[in-house]
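# Overview (structure and organization)
Below, each chain spelled out in residue letters.
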Amino acid sequence: MYYRPVLHQRLAGFRSFVESRNRRRLSLFLAAVLLVGLTLIISSSYVPSRYDFEVGDVATDTLVASRTLTFQDDVATAELRRQASERVEPVYRSNAGVLVEVSAEVRALFARARSLRAESGSGTATDYQIKRLRELAPSSVSDDTFRYLLQADTAALDVVEEEITGALRLVLGQTVTESSLESQRQVLQAIAASLPMGAGAQGTVADISTTYLRANTVLDQQATDKQREEAADGVAPVVLSVAKGETVVSAGQVISRQQILKLQNLGLVGTRADWKIWTGILLTVLLELAVIWLYLRRFGAAIKEDNNLLLAGATLLLLFALLGRLLSIPPLSPYLVPIVSLGIVGSIVLGSRAASLLVALEALNLGLITNLRLEYALVALISGLCAAYLVSHLIERSELLSAGAAATVFCVITVFAAELLREAPIIEALEFALWGGGAGILGLILSVALLEVFEVAFNLTTPLRLLELGNPAQPLLRRLMQEAPGTYNHSIMVGNLAEAAAEAVDADPLLTRVGAYYHDVGKINRPEYFIENQLHTHNPHDRLNPNLSKLAITAHVGDGVELAMRYGLPRPVVDIIKQHHGTSVLSYFYYKAKQNTTEDVTEETYRYEEDKPTSREAAIIMLADSVEAAVKAMQNPTMKKIQMLIRDVIRQKMEDGQLDRSQLTFGDLGKIADAFLVALRGVVGHRVEYPNESKVVTS
């Protein structure tokens, strides 16, 4: 964004003030602000009610609505849905096989009776025979019935069997349920009593038929529940509304349940508030601050050492707590709180791990604000963590849109799942899911705005900011290209080398490349003093003594830092500009001075007077800068020569102590050398020499 240099200049004083503050004191100040701010924001949800009315009380004052409000009467809605569910008749499922099963069991009983009669041949009923019959029959069949089966003549036995199966066929031809079994048994008894046969035969028909009778239609509980659920879902929610200025209850009026509900949603009654709740909120916020302190101590070294990042993190925590409080006020919904934005902005600015912590704390705060409603905290936690993960490896601004779209889908699904866990009807859960979609879209819009504000206000080094700084159309890079074209081309080459090396050692390749683009930007002020810009011009150093030449050369570091600050480059890039030469010796002018004078010339007087590289990225750029310049000066370069040159440069910088604070290991240096060699392969390539047309002789 090319308007940023002006904004950076206007905010330079603010950033200087923040950066100059004592880090310990600033941390304590931010902790105090968070303690007071979060406690007040959360406690505002538990302010004391103006009235302590209950249903059936007589209103002492006339109460008027201060705002227009629409809300759902959950109690009335639940009652209507219960009534609709109860009105649904049970669903039964018919089982046609019951008649076949019962008839087969009756015939089996009679078959055994005939078999036992044939075995004895006496026409008497012994205890053994009765026992054998009881093995096939239900326990409720009487012994008298068994005696009849064993003693009756064969013709009568056949008639009784047919009458029993006929009676069962008649009754089971209709619907028989568990609840109607008793009445159907009475029907069978009436049929038996009407038969033209003796009392013993009638009793046997009644006893066996009523005993073997069972339901041929059973309750389909699943289908019944489904129809009752559909009936309940079909009931529209009971929605109450009150207009601004409307009289909710008049003085002297007996207060109804719906009036209490309106007063509760207006915040006039029913809000929990006492010292215990406020103390609990204060203690919870203190615990949150303790968690943040433990995180910074264990994982947040980069944040703890940067005042701007500390201020950015505290601002995010307070801002989203305030948004959670405001968006929880009816008719809005806590589902609309854009925690997605906290995950996105926090991950880009502070890192995904810190963003996850902020999301977890903000989800807890939202749960406190909504009177410990788990569904809101659950949605905030899942959607925020998802958003933080989706942008954890962001390298292009377009990826922010796709991450926001994916996070929006997660919001919708999470809200829908939370409402199902709350046992809300499907239609209602889908309606609430729309709030989740709104939260995702709002979060994406807010993310873009907050990133723009945070990058400018706190001069933060985000991937998106670095991508913008790497654009050749940036004002400072454009100046470098136009005023010092040789230096610009050199910086591009150094960027290619440094980026390859950074990838090899798992440093930040994007920061390394952008830092390389700007590392020599100070040469804009005096481009003609640097060999790469001396095309068709004389070398001004030929007229200067070595000491003045040294001052002209070393000044480009300070000039670069000044330009970087003026154009609002982030602190890591400024550090790279400041440290890319470390305290290296200007060997050319040092040896020139020794040759031009008989006086003792010390090496220390011809060193850069800046800091040694304190990051891997700055050290890589120092090495790439030296290697690129040395290779360009080689005569007839070969891969072998280049390989030896690279290792000589690295060895010299290491022996000179320039890499002591860079956190690079010997293994890293080997990987860097290999990466440089691969990147420089193009230097030894050859091109075909084209003939000079003026010298071509034609016949």
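Residues numbered from 1 in each chain as written. Predicted model: local features only at pLDDT ≥ 70, side-chain atom pairs only at ≥ 80, totals over all residues. Heavy atoms only, no water.

With that settled, the discussion passes to the side chain of Thr224. With respect to the element layout, Thr224 can be found in helix α10 (residues 221–233). Ignoring any residue separated from it by four or fewer positions in sequence, one finds Thr224 in contact with Pro90, Val91 and Leu219. (Helix = DSSP H or I, 4+ residues; strand = E, 2+ residues; numbered from the N terminus. Contact = heavy atoms within 4.5 Å.)

One pass over the full model with this rule turns up 29 salt bridges. Of the charged contacts in the structure, one is a salt bridge between Arg257 and Asp73, with a shortest N-O distance of 2.6 Å. Residue Arg257 is located in helix α11 (residues 257–265), and its partner Asp73 is located in the loop between β2 (69–72) and α3 (74–86); the two are separated by 184 residues in the primary sequence. Residue Asp73 is classed as buried on the basis of its relative accessible area of 1%. With its nearest N and O atoms 3.4 Å apart, the salt bridge here joins Glu101 to Arg214. Of this pair, Glu101 sits in helix α4 (residues 97–120) while Arg214 sits in the loop between α9 (199–212) and β4 (217–219), and the two are 113 residues apart along the sequence. The exposure class assigned to Glu101 is partly exposed, which follows from its relative accessible area of 39%. (Salt bridge = Lys/Arg side-chain N within 4 Å of Asp/Glu carboxyl O. Buried < 20%, exposed > 50% of the residue type's maximum accessible area, 1.4 Å probe, protein only.)

Once that is clear, we can look at empty space enclosed by the protein. One pass over the full model with this rule turns up 3 cavities of 30 Å³ or more. In this model, the second largest cavity occupies a volume close to 60 Å³. Every residue lining the second largest cavity is listed: Pro334, Tyr335, Val337, Ile339, Val340, Leu366, Tyr376, Val379, Ala380, Ser383, Cys411 and Ala439. At the level of elements, α15 (339–350) and α17 (374–390) are the ones that each hand at least two residues to the lining of the second largest cavity. It is α17 that contributes the most residues to the lining of the second largest cavity, 4 residues altogether. Counted by class, the lining of the second largest cavity contains 11 nonpolar, 1 polar and no charged residues. (1 Å grid on protein atoms, 1.4 Å probe; cavity = no way out; pocket = protein on both sides within 12 Å on 5 of 7 lines; lining within 4 Å. Points joined across faces, edges and corners; volume = space filled by probe spheres on them. Nonpolar A, V, L, I, M, F, W, Y, C, P; charged D, E, K, R; others polar.)

The contact between helix α7 (residues 154–172) and helix α8 (residues 181–193) brings their axes to 10 Å, and the two run at 140°. When the interaxial angle is binned, α7 and α8 end up oblique. Here the hand of the crossing between α7 and α8 comes out right-handed. Here Ala167, Leu168, Leu170 and Val171 of α7 lie close against α8, whose contacting residues are Gln184, Val187, Leu188 and Ile191. The residue inventory of the contact of α7 with α8, partitioned by class, reads 7 nonpolar, 1 polar and no charged. (Axes fitted to C-alpha atoms, helices over the stretch in contact; angles between N-to-C directions. Parallel < 35°, antiparallel > 145°, perpendicular 65-115°, else oblique. Left-handed = near helix turned anticlockwise from the far one by under 90°.)

Burial along strand β5 (residues 239–242) is one-sided: Leu240 and Val242 are buried, and none of Val239 and Ser241, which face the opposite way, are. Looking at chain direction, β2 and β5 are connected through 4 bridges and run antiparallel. Bridge pairing in β5 places Leu69 opposite Val242. (Pairing = 2+ DSSP bridges.)

Mapped onto the secondary structure, Glu288 falls in helix α12 (residues 275–298). Given a relative accessible area of 3%, Glu288 falls into the buried group. In this structure, the C-alpha to C-alpha distance between Glu288 and Ala223, residues 65 residues apart in sequence, is 49 Å. If near-sequence neighbours (up to four positions away) are discounted, Glu288 is found in contact with Leu38, Leu361, Leu364 and Asn365.

This next bit is on unusual backbone geometry. Here the phi dihedral of Asn636 falls at roughly 50°; this positive angle occurs in a residue that is not glycine. Here Asn636 is to be found in the loop between α27 (616–632) and α28 (639–655). The phi dihedral of Gln663 falls on the positive side, at around 70°, and the residue is not glycine. Secondary-structure assignment places Gln663 in the loop between α28 and α29 (666–679). Given the relative accessible area of 59%, Gln663 is considered exposed.

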